[in-house]
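Structural description and commentary
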Amino acid sequence: MSISSLSASTGYSISSSLQHGPACNCPACTAARMASIATPVAGVTPPSPSAIYSGKPLSPDQQKQLDELRSRDADVRQHEQAHMATGGALVSGGANYSYQEGPDGKQYAIGGEVSIRLSSGQTPQETLSNAKQVVAAALAPTDPSGQDRAVAAEAEQMAQQAQSEIDKQQQQQVQQAQHNPAIDTAKAIFAAIAHPQPSSKGNAVDTFA
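The text that follows walks through the structure, step by step, so that each part is easy to find. Please read these numbers as outputs of a predicted model, since none were measured by experiment.

1. Re the overall build of the protein chain
For the protein chain, the count of helices and strands is six helices and three strands. Expressed as a percentage of the 209 residues in the protein chain, the buried residues total 30%. Restricting to contacts in the protein chain with at least 6 residues of sequence separation, those with at least 24 account for 67%. As displayed, the protein chain has an accessible area near 13,600 Å², and 54% of this comes from carbon and sulfur atoms.

Here it is, written out as structure tokens:
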């Protein structure tokens, strides 16, 4: 059975309306453009857009972006933690996150990934157990992604193959038991005890004169 390493991942992205670009006229981007055209000073690194207004009151748009980033960060971390908690020993390492800097200068997770090992065991029973655990780990979050469901589907297929092997083994064991001479002899003995044959000799009667 060919086993591959699967990755249960969830990708998130912030809506384009919350992204900043060259044409953005928000205070942060305006300040950043002003900083970029200022006369450079040797040994001084121009500050990032968020650092320029760090600690200052945020505009409504900036606050909205920050709130969305915080919410997304919490969702992403909760999602990946659900994968890891259920995956147990089948999880390869921890979660990997992709980040975006918020208007407060802090990094917020906007995407995450957890690698889950889908591996065969020493026996079909162990393989079946591993596959079921991968399915549970992939679907552990309350909002499984398309990739999560794809991982679960592949693990389900592996589980079905393992179950088929288990059924085949059990069938072979039953067939071997049915043709076992020792079992046949034991059955004959039990049958003889349960249903004894009547004696062919007559009853003897003693007479006394």
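2. A look at the side chain of Asp 73
The residue Asp 73 is located in helix 3 (residues 60-87) in this model. Residue Asp 73 is classed as buried on the basis of its relative accessible area, which comes to 12%. In this structure, Asp 73 is in contact with Tyr 108 and Ala 109, ignoring residues within four places of it in sequence.

3. Focus on the pattern of salt bridges
Summed over all chains, the structure comprises one salt bridge. Residue Asp 73 is joined to Arg 77 by a salt bridge in which the shortest nitrogen-to-oxygen separation is 2.9 Å. In this pair, Asp 73 and Arg 77 both sit in helix 3, four residues apart, roughly one turn of the helix. Looking at Arg 77, the relative accessible area reads 31%, which means it is partly exposed.

Analysis parameters
Counting restarts for each chain: residues are numbered from 1 in the order of the written sequence. Totals for whole chains, interfaces and linings use all residues, but because this is a predicted model, local features are given only for residues with pLDDT of at least 70 and pairs of side-chain atoms are given and counted only at 80 or more. With hydrogens and water stripped out, all remaining heavy atoms of the structure feed into the side-chain values. Only DSSP runs of H or I reaching four residues or more are called helices, and only runs of E reaching two or more are called strands; each is numbered from the N terminus. Here's how the labels work: a residue is buried when its accessible area is under 20% of the maximum for its type, exposed when over 50%, partly exposed in between, all with a 1.4 Å probe on protein chains only. Contacts are residue-level and defined by heavy atoms, with any inter-residue pair within 4.5 Å sufficient. All accessible-area figures derive from a Shrake-Rupley calculation using a 1.4 Å probe, and residue coverage is judged against the displayed protein chains alone. Take a side-chain nitrogen of Lys or Arg and a carboxyl oxygen of Asp or Glu: if they are within 4 Å of each other, that pair is a salt bridge.

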